[in-house]
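# What the coordinates show
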Amino acid sequence: MSRPHDVQSLSGTDLTVYEAVAAIAVGGGETASLPGVAGMTGLTEEQTRASLATLVERGQVVPSGDGFTLGRHDFEVDY
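Residues numbered from 1 in each chain as written. Predicted model: local features only at pLDDT ≥ 70, side-chain atom pairs only at ≥ 80, totals over all residues. Heavy atoms only, no water.

Of the regular secondary structure elements, the protein chain holds three helices and two strands. Here the protein chain, with 79 residues, has 34% of them falling under the buried criterion. For the protein chain, the proportion of contacts with a sequence separation of at least 24, taken over those separated by at least 6, is 54%. Accessible area for the protein chain stands at about 4800 Å²; split by element, carbon and sulfur atoms hold 50% of it. (Helix = DSSP H or I, 4+ residues; strand = E, 2+ residues; numbered from the N terminus. Buried < 20%, exposed > 50% of the residue type's maximum accessible area, 1.4 Å probe, protein only. Contact = heavy atoms within 4.5 Å. Areas by Shrake-Rupley, 256 points an atom, 1.4 Å probe, with all protein chains shown as cover.)

Listed below in structure tokens is the structure:
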């Protein structure tokens, strides 16, 4: 069974982390590092790591090299 890809179903912390990954990906097409996402969100690296694990499990964020990028989605991100 596939998990939903609707970001509206995310917790507040997970949505904040997802938006940070999206901003980094859209801003320069680069991968989002754990320290970079933690710095953008004000979360600890432990909180960020836990949230990224949830997002990876749901397929909304995917590991890419030493960082993360957006997973499958059906919308345009415009910043």
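Still to come is the rest of the account.
Here we take up the pairing of strand β1 (residues 61–64). As defined by bridge partners, β1 adjoins strand β2 (residues 67–70) across four bridges and the pair is classed as antiparallel. Residue pairing in the sheet places V61 in a bridge with L70 of β2. Counted between consecutive antiparallel strands, the loop separating β1 from β2 contains two residues, among which G65 sits at a positive phi close to 65°. (Pairing = 2+ DSSP bridges.)

With that out of the way, let us pick up the nonpolar core. Ranked by size, the top nonpolar core spans 16 residues in total, and within it V17, Y18, V21, V37, L52, L55 and V61 carry the most contacts. Breaking this core down by element, the ones donating at least two residues are α1 (12–28), α2 (34–41), α3 (45–58) and β2. A total of six residues in this core trace back to one element, the largest contributor, which is α1. (Core = buried A, V, L, I, M, F, W, Y, C linked by side-chain atoms within 4.5 Å.)

Let's shift gears to α2. Side chains of residues three or four places apart in an α-helix project in the same direction, reflecting 3.6 residues per turn. Regarding α2, the residues found buried are L34, V37, A38 and T41. Projected onto a plane normal to the axis of α2, the buried residues spread over an arc of 100° and lie on a single side. The opening residue of α2 is S33, an N-cap whose side-chain oxygen sits 2.9 Å from the backbone nitrogen of G36. Looking at the residues trailing α2, positive phi occurs at G42, about 80°. (Arc of directions from axis to C-beta. Polar contact = N/O pair within 3.5 Å; in protein donor to acceptor, adjacent residues only side chain to side chain.)

The quantities given are spatial measurements derived from coordinates; they are silent on function.
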